[in-house]
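These are the residues of each chain, in order.
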Amino acid sequence: MMRRSMRIVNGCISGFYAARPALIAASLATLMMACGGAAVPPQELLDARSAYAEAAKGPAADLAPAQLDTAKQSLQVAQQNFDEDGPNQKTKDLAYVAQRRAQIAAAEGGREKAERKRAAADKDLRNTQTQGLENYAKTKEALAAEKAARVEAERKAAVAMASLAEIAKVKEESRGVVITLSGSVLFATGKSDLLPIAKEKLNQVAKALTDQGFKAIVVQGYTDSVGSASDNDALSLRRAQSVRDYLVTRGVPSEKATAEGKGASNPVADNKTPDGRAENRRVEIVVTPEK
Amino acid sequence: MNVRTWVYWCISGTMLLACGGYPVPHDQLSAAQAEVKGAEVGGANENPKAALHVKLAKDQIAIAEKQIADGDNEEAERTLVRAQADADLALALAKEAKAQNDAAEASEQVGKLRKEIGK
């Protein structure tokens, strides 16, 4: 067909050789149009081409290559029909179908991509769930350990208190746990040096305190009402300090322990009787418990 | 079979084709209708893009039916091929939309769970 049209063109041109050049040029242009030139492709074919180009750029190239190839073949059939027969209805129909095939390939590519994304998300979800369960188990374990530690601490505290109760009066008051030690056990009359037996008792007190744990302790010294108030105040403070210092040497943190001299104040018994005065000569350890 | 019989058959065959006209595209018609139904079952009407191609397919089936009634069987067949392509595309688009939806949902779920664990 091409060869035939070339022959026609050649024939036309050779016929015009005798004519003037200007006429030749004008006639040539007319001839080109008359003899067909290049036929304009129909819109359907243009659409099919761009749909295919778009699909080939997208995920279909990797994820739906078979569908993309089908689309390519459809486009080639349409193109071939156009090359052979021009922009007739068959070309348009073929191009229409080719465009749809390209769009289908694009959609299949998009679907495959989304499905992969979904599979990844599902996997992620399972991993996250597993991780969540592990975290939960860990938290549970930590809580159990914490509870066990608390129970153990409470048990130790109870044991410490019980051992203290054997050697001293232990009372819970609003100001804290008050451990009262008799002055006659701790000190010689008028002295603030600890007796050897006092040290043994204070060892037990220190152990109980360190076992139990506490926020702070205040060691308060008290005297009976015999003697001057200033002497009593000074003596009670010295005694409180020697108890406090000894406790510190036995492991009670020094920053948590203070000493106070209370003199003859706050008597716990009658100062008129010897027994009452003996009770009033005492050292109280006020323990502020841990929160 | 001798040469004369061959020639006879060839001539009569050609005559039959010329006189008989183009057959009614029954198969294509039912195939196109089935594919439209398939696309609809696949959820094509729930997605606007897919729904458009369901409509195009249905429109072309209607055109093809008219062409068949008018005896334009060859045109009808090509129209039905178009209709099938549209129905196929509608289904593909519906599936793509569903997959994208599922993927987004799954991602969202992961995000939510991560947030919960992070608390």
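Nothing here was measured: the structure is a model prediction, and the numbers come from that model.

Q: Would you take a moment to explain the pairing of strand β4 (residues 257-261) of chain A for this structure?
A: For a regular strand, side-chain orientation follows a simple rule: the groups alternate between the two sheet faces. Residue and element names in this part refer to chain A. Of the pairings in the sheet, the one linking strand β3 (residues 216-222) to β4 comprises 5 bridges and is parallel in character. Considered in β4, the bridge of I217 is made with A257. Note that the unit made of β3, helix α9 (residues 229-249) and β4 has a crossover that is right-handed.

Q: What's the story with the interface of chain B and chain A in this structure? I'm lost.
A: By convention, interface size is frequently given as the accessible area that disappears when the constituent parts associate. On the chain A side, the residues contacting the 22 residues of chain B number 25 residues. Classifying every residue of the side of chain B that touches chain A by side-chain character gives 11 nonpolar, 3 polar and 8 charged.

Q: Looking at this structure, how should I read the sheet that holds strand β1 (residues 169-173) of chain A?
A: The strands making up a sheet are joined through hydrogen bonds of the backbone, oriented either antiparallel or parallel. Residue and element names in this part refer to chain A. Spatially, 5 strands are ordered β1-β2-β5-β3-β4 in an open sheet, and the strand pairing comes out mixed. At either margin of the open sheet sits one strand with a lone partner, and together these are β1 and β4. Adjacent strand axes in the sheet meet at a mean angle of 20 degrees when their direction is disregarded. Of the pairings in the sheet, the one linking strand β2 (residues 176-182) to strand β5 (residues 282-288) comprises 6 bridges and is antiparallel in character. Within β5, the position partnered with V177 by the bridge is V287.

Q: Please clarify how the confidence of the model for chain A should be interpreted in this entry.
A: Segments scoring low in pLDDT should not have their predicted coordinates read at a detailed level. All names here are of chain A. Per-residue confidence for chain A averages 85 on the pLDDT scale, and 87% of its residues sit at or above 70. With pLDDT under 50 throughout, residues 1-19 is counted as low confidence; its partners more than four residues away or in other chains account for 8 contacts. Contacts for the low-pLDDT stretch residues 27-37, under 50 throughout, to residues beyond four places or in other chains number 7 contacts.

Q: Even after reading the chapter, I still don't get helix α3 (residues 48-69) of chain B, so can you show me in this structure?
A: Note that an α-helix has 3.6 residues per turn; residues three or four places apart therefore point the same way. Residue and element names in this part refer to chain B. Under the 1.5 Å per step criterion, the end-to-end length of α3 is 32 Å for 22 residues, consistent within 8% with the ideal 32 Å. Three or more residues of α3 are buried, namely A50, H53, V54, A57, Q60, I61, A64 and Q67. Axial view of α3: buried residues confined to an arc of 140 degrees, hence all on one face. Residues of α3 that are exposed and point over 90 degrees away from its buried face: P48, A62, K66 and A69. Looking at the buried side of α3, the elements it contacts are α2 (26-41) and α4 (73-118).

Q: Sorry if this is basic, but what is going on with the environment of L202 of chain A here?
A: Residues and elements named next belong to chain A. On the secondary structure map, L202 appears in helix α8 (residues 196-212). On a C-alpha basis, the gap between L202 and V243 in space is 7.8 Å, while along the polypeptide they are 41 residues apart. Once you skip the residues sitting within four places of it in the chain, L202 turns out to touch V243, Y246, L247 and R250.

Q: Looking at this structure, how should I read unusual backbone geometry?
A: One can expect most non-glycine residues to show negative phi and most peptide bonds to be in trans. Residue and element names in this part refer to chain A. At N266, a position not held by glycine, the phi torsion is positive, near 45 degrees. Residue position: N266 is located in the loop between β4 and α10 (274-280). A count of 11 C-beta atoms within 10 Å places N266 in the exposed class.

Q: Teacher, can you tell me more about the packing of α3 of chain B against α4 of chain B here?
A: Each pair of packed helices can be summarised by the angle the axes make with each other and by the distance between the axes. Residues and elements named next belong to chain B. In contact at an axis separation of 8 Å, α3 and α4 are set at 165 degrees when each is read in the N-to-C sense. In terms of orientation, α3 lies roughly antiparallel with respect to α4. Regarding α3 and α4, the two cross each other, and that crossing is left-handed. Considering only residue class, the contact of α3 with α4 consists of 17 nonpolar, 5 polar and 4 charged.

Reading the values: the criteria
- Residues numbered from 1 in each chain as written.
- Chains lettered and ligands numbered in written order.
- Predicted model: local features only at pLDDT ≥ 70, side-chain atom pairs only at ≥ 80, totals over all residues.
- Pairing = 2+ DSSP bridges.
- Helix = DSSP H or I, 4+ residues; strand = E, 2+ residues; numbered from the N terminus.
- Right-handed = clockwise from strand over helix to strand, strands pointing away.
- Contact = placed C-beta atoms within 7 Å.
- Nonpolar A, V, L, I, M, F, W, Y, C, P; charged D, E, K, R; others polar.
- Axes fitted to C-alpha atoms, helices over the stretch in contact; angles between N-to-C directions.
- pLDDT = per-residue confidence, 0-100.
- Expected span 1.5 Å × (residues − 1).
- Buried ≥ 20, exposed ≤ 12 C-beta atoms within 10 Å, placed from the backbone.
- Arc of directions from axis to C-beta.
- Parallel < 35°, antiparallel > 145°, perpendicular 65-115°, else oblique.
- Left-handed = near helix turned anticlockwise from the far one by under 90°.

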